Amino acid sequence: MKKIRIYQLLSYSIILLLFASCSDFLEPATDNTMTEEEVFANAQSFNGPLMEAYNALGETFDIQMDNMTDNSVARDLASMNYLCATGALRPDNNPLDNWVFNYQQIRRLNQYLSKMKFDPAAPIPTPVRFFRILNAQDSIDNVREFWRLYGEAYFLRAFFYSNLLKDYGGVSSDGNLLGVPLIGDQILEVTGDNLNLPRASYSDCVKEIINGCDTAVKYLPVQYMGADRVTGASMNGRASGISVLALKARVLLYAASPAFNPNNDAGLWEAAAVAAGEAIRAVAGGFQDLVNTPASSATEDPGNNYYFTQLQNKDWNDNGRDLFFRGNVLTGNKQFENDNYPPGMYGAALTNPSQNYVDAFPDRNGYPIDAEGTVYDPANPYANRDPRLALWVAFNGSQLGPGGYYTVESYESGIDAYDPLQKTSRTSYYLRKLLRPKTVSLIPGVTAAATPRTRIILGKPELYLNFAEAANEAWGVTADPKGFGFTAKTVLEKIHLQYGSGNQYLNSVIGNDAGLFRKYVRNNRRLTLSFEGHYYYDLRRWIPDGSPDALNVEVYGMKIVKTGNTFSYERILMEKRNFKSPFQPISYMELYNAPALKQNKGWE
């Protein structure tokens, strides 16, 4: 009887961690061994590898990743993100290195799929009984459960490959556009298998992910609704058909982007637009408004429906759920408030929005603040701005905390002005996005509700922006050659409608100008998806020539001086980004253990 060996993880090498023979769910309590028959004898342990892959999705957004862009700066100058953003990013020093982690999940899923054998001639055609078989419907549901789990596993494998491609896809040192090693269905062992695998081409990696998505979508319901025990609302949070379609649209958008589409192949843009358009049409209700409630003032949490309220929904509401795929939901959580409230509210102010980020918000009519016709007033910079600014950034005069008990004073000599000893914001701004300042209090001894939160991995706002960007490149601002019933422009208008942003600039200035629309939709993407882990990668995929120059920008804060009842404002240089390459480095350990790998350009 074959025994499963438990390997000790001695290093972060792909050789040891990626291909270790088992994972935590296999660890026995007694003699350190379990037979495969024991592990896969019942549904709970049989599904262990799949559940471990789900648990690996993460529970919260990596807010501090934006400290490696010009959206924000780290208050702690010893933080890894700050150091890497200012020149210390190296193959042996990368806070985003997830090579081993993602391959570990892929191996786990391959192990699971190897056991997912369906035998229609057997009395029980599934490898284990997923339900007790008491009647004919139980037998039917047992088979339906098998195929849904089968689809979930294919989706998750495609997802973890997409993470690897997003992080490590790029031009190699010898000028080839490469992705990552593809291992197919193999369950590679530390001993006996050839682990010196080369990187596949970028296009082959895209094909592998899309093929996985196309397989998964055959077996998954588009949405989980109703009381059915296999495809009902109780399954919300698991992979669904709309999860698959949204992932496919994301991967194809990246493949069409300048960094990975050097010849600007219009066919790649069209493929991305079609995939996103089909995903939009597939969800209940099709093309519709995004679910949200605009904030009526800067002291209110409404406007955060997408990030918080929808986590409580067990079924798709009349407007359609905007949240397609997420990590586990944390309850009673205050992490982001602890990390980012001002010290005067007992927070740590770790991530400080930059002046660059604040300047990216247009005026109330949608005009960039440096455009002709804007109502922006530099002497009163936070007035007449896009509503998202007051909702996502706490600036001088903002009210925070339940009941708005705390007023931010970030002018010089104010309690929230920069003071390294007090650990206040370096930029005069405090993060508000993804926080619930009306709901969560950190005051000692005060009983105040915390909040549920999670990492939203795939959602409708990103999907709409994916379509708007790809459709503009493929067909222009207002064309609809595929008969979707929506265009790049009308989809972007839905993004604006979510928070009450103005469309005057979009209608009066941009019109059908694809170049202006490209710049505008990229900025909307920057704002809408900020602090959710997208902007770092967007900046890199938009680079057409392999040069890091576009990344290496100056990042500013604001100095505010109060004189009587008036304020003056001065931009202050905080730091400059310093990257050697637009592509992520592959760690030295992986290169050492697999000499067939080629490093990305700029990290030789």
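As the structure is a computational prediction, the values presented were derived from the model and not from experiment.

Rules used in this analysis
Residues numbered from 1 in each chain as written. Predicted model: local features only at pLDDT ≥ 70, side-chain atom pairs only at ≥ 80, totals over all residues. Heavy atoms only, no water. Helix = DSSP H or I, 4+ residues; strand = E, 2+ residues; numbered from the N terminus. Buried < 20%, exposed > 50% of the residue type's maximum accessible area, 1.4 Å probe, protein only. Contact = heavy atoms within 4.5 Å. Areas by Shrake-Rupley, 256 points an atom, 1.4 Å probe, with all protein chains shown as cover. Core = buried A, V, L, I, M, F, W, Y, C linked by side-chain atoms within 4.5 Å. Axes fitted to C-alpha atoms, helices over the stretch in contact; angles between N-to-C directions. Parallel < 35°, antiparallel > 145°, perpendicular 65-115°, else oblique. Left-handed = near helix turned anticlockwise from the far one by under 90°. Nonpolar A, V, L, I, M, F, W, Y, C, P; charged D, E, K, R; others polar. Salt bridge = Lys/Arg side-chain N within 4 Å of Asp/Glu carboxyl O. Expected span 1.5 Å × (residues − 1). Arc of directions from axis to C-beta. pLDDT = per-residue confidence, 0-100. Phe/Tyr/Trp six-rings, centres within 6.5 Å; stacked < 30°, edge-to-face > 60°. Pairing = 2+ DSSP bridges.

1. So, the overall build of the chain
Then comes step 1: What the chain contains, in helices and strands, is 19 helices and 14 strands.
Then comes step 2: Burial status across the chain gives 56% buried among its 604 residues.
Then comes step 3: Within the chain, counting contacts between residues at least 6 apart in sequence, those at least 24 apart form 71% of the total.
Then comes step 4: For the chain, the computed accessible surface area is about 23800 Å², with 49% contributed by carbon and sulfur atoms.

2. Quick notes on the nonpolar core
Then comes step 1: Phe 155, Leu 156, Phe 160, Phe 325, Phe 467 and Phe 517 are the most contacted members of the largest nonpolar core, which totals 118 residues.
Then comes step 2: Here the element with the most residues in this core is helix α7 (residues 136-168); it accounts for 14 residues.
Then comes step 3: Of all hydrophobic cores here, the second largest spans 39 residues; its members include Ala 349, Val 358, Leu 389 and Leu 435.

3. Remarks on the packing of helix α8 (residues 202-217) against helix α9 (residues 241-256)
Then comes step 1: It is at 9 Å that the axes of α8 and α9 come closest, and there the two elements cross at 165°. Judged by the inter-axis angle, α8 sits roughly antiparallel to α9. Crossing hand, α8 versus α9: left-handed. Within the contact between the two elements, α8 uses Tyr 202, Val 206, Ile 209, Ile 210, Cys 213, Asp 214, Ala 216 and Val 217 and α9 uses Gly 241, Val 244, Leu 245, Leu 247, Lys 248, Val 251, Leu 252, Tyr 254 and Ala 255.
Then comes step 2: When its residues are assigned to classes, the contact of α8 with α9 shows 14 nonpolar, 1 polar and 2 charged.

4. What about the pattern of salt bridges?
Then comes step 1: According to the stated counting rule, one finds 27 salt bridges in the structure shown.
Then comes step 2: The salt bridge partner of Lys 248 is Asp 214, with a shortest N-O separation of 2.9 Å. Residue Lys 248 is located in helix α9, and its partner Asp 214 is located in helix α8; the two are separated by 34 residues in the primary sequence.
Then comes step 3: Lys 489 serves as the salt-bridge partner of Glu 493, at 2.9 Å between the closest nitrogen and oxygen. Of the two residues, Glu 493 and Lys 489 both sit in helix α15 (residues 488-499), 4 residues apart, roughly one turn of that helix.

5. So, the environment of Arg 326
Then comes step 1: With respect to the helices and strands, Arg 326 occurs in strand β4 (residues 323-326).
Then comes step 2: You can call Arg 326 buried: its relative accessible area is 17%.
Then comes step 3: Residues Arg 326 and Leu 311, 15 residues apart in the sequence, show an inter-C-alpha distance of 9.3 Å.

6. A look at α8
Residues spaced three or four apart along an α-helix face the same direction, because each turn holds 3.6 residues.
Then comes step 1: Here α8 contains 16 residues, and its C-alpha end-to-end distance of 23 Å stays within 8% of the 22 Å for a straight helix at 1.5 Å per residue.
Then comes step 2: Within α8, burial applies to Tyr 202, Cys 205, Val 206, Ile 209, Ile 210, Gly 212, Cys 213 and Ala 216. Around the axis of α8, the buried residues are gathered within 155° of arc, so they sit on the same side.
Then comes step 3: Those residues of α8 that are buried are in contact with α7, β3 (177-178) and α9.

7. Describing the side chain of Lys 494
Then comes step 1: Turning to its location among the elements, Lys 494 is positioned in helix α15.
Then comes step 2: For Lys 494, a relative accessible area of 18% corresponds to the buried category.
Then comes step 3: Dropping the residues within four chain positions of it, Lys 494 is found in contact with Phe 287, Gln 288, Asp 289, Leu 290 and Tyr 464.

8. A word on the environment of Arg 238
Then comes step 1: Inspection of the secondary structure assignment puts Arg 238 in the loop between α8 and α9.
Then comes step 2: Through-space distance from the C-alpha of Arg 238 to that of Glu 152 is 7.6 Å; in sequence the pair is 86 residues apart.
Then comes step 3: In contact with Arg 238, not counting residues within four places along its chain, are Leu 50, Met 51, Tyr 54, Arg 148, Leu 149, Glu 152, Tyr 224, Ser 243 and Phe 325.

9. A look at helix α14 (residues 460-475)
Then comes step 1: Across its 16 residues, α14 extends 21 Å between first and last C-alpha, which sits within 8% of the 22 Å expected from 1.5 Å per residue.
Then comes step 2: Burial analysis of α14 places 14 of its 16 residues in the buried class, which makes it a mostly covered element.
Then comes step 3: At the C-terminal side of α14, Gly 476 shows a positive phi close to 105°.

10. What to know about the confidence of the model for the chain
Then comes step 1: Averaged over all residues, the pLDDT of the chain is 90; the fraction at 70 or higher stands at 89%.
Then comes step 2: Contacts of residues 1-32 to residues separated by more than four positions or lying in other chains number 76 contacts, the stretch itself having pLDDT below 50.

11. As for the packing of aromatic side chains
Then comes step 1: Summed over all chains, the structure comprises 41 aromatic pairs.
Then comes step 2: Ring geometry for Phe 155 and Phe 325: centres 5.0 Å apart, planes at 85°, overall edge-to-face. Of this pair, Phe 155 sits in helix α7 while Phe 325 is found in strand β4, placing the two residues 170 residues apart along the sequence.
Then comes step 3: Exposure remark for Phe 155: the relative accessible area of 0% places this residue in the buried category.
Then comes step 4: Relative to Trp 475, the ring of Phe 467 has its centre 6.5 Å away and its plane inclined at 55°; by these criteria the two rings are tilted. Accessibility assignment for this pair places Phe 467 and Trp 475 in one class, buried.

12. Quick notes on the pairing of strand β14 (residues 566-576)
Then comes step 1: Here 10 bridges tie strand β13 (residues 554-563) to β14, and the two strands are oriented antiparallel to one another. Residue pairing across strands places Lys 559 opposite Glu 570, the latter belonging to β14.
Then comes step 2: Between the end of β13 and the start of β14, which pair antiparallel, lie 2 residues, with Gly 564 showing a positive phi angle near 65°.

13. Observations concerning the packing of helix α4 (residues 48-55) against helix α6 (residues 99-115)
Then comes step 1: Where α4 meets α6, the closest approach of the two axes is 8 Å, and the angle between their N-to-C directions is 155°. When the axes of α4 and α6 are compared, the pair comes out roughly antiparallel. Of the two possible hands of crossing, α4 and α6 adopt the one that is left-handed. The segment α4 lies against α6, with Pro 49, Leu 50, Glu 52 and Ala 53 engaging Gln 105, Arg 108, Leu 109, Gln 111 and Tyr 112.

14. Regarding the environment of Ala 394
Then comes step 1: You can see Ala 394 is positioned in strand β7 (residues 393-394).
Then comes step 2: The spacing of Ala 394 and Asn 352 is 42 residues in sequence and 9.8 Å in space, taken between C-alpha atoms.
Then comes step 3: If sequence neighbours within four positions are ignored, Ala 394 has contacts with Leu 400, Val 408, Ser 428, Tyr 429, Tyr 430 and Arg 432.

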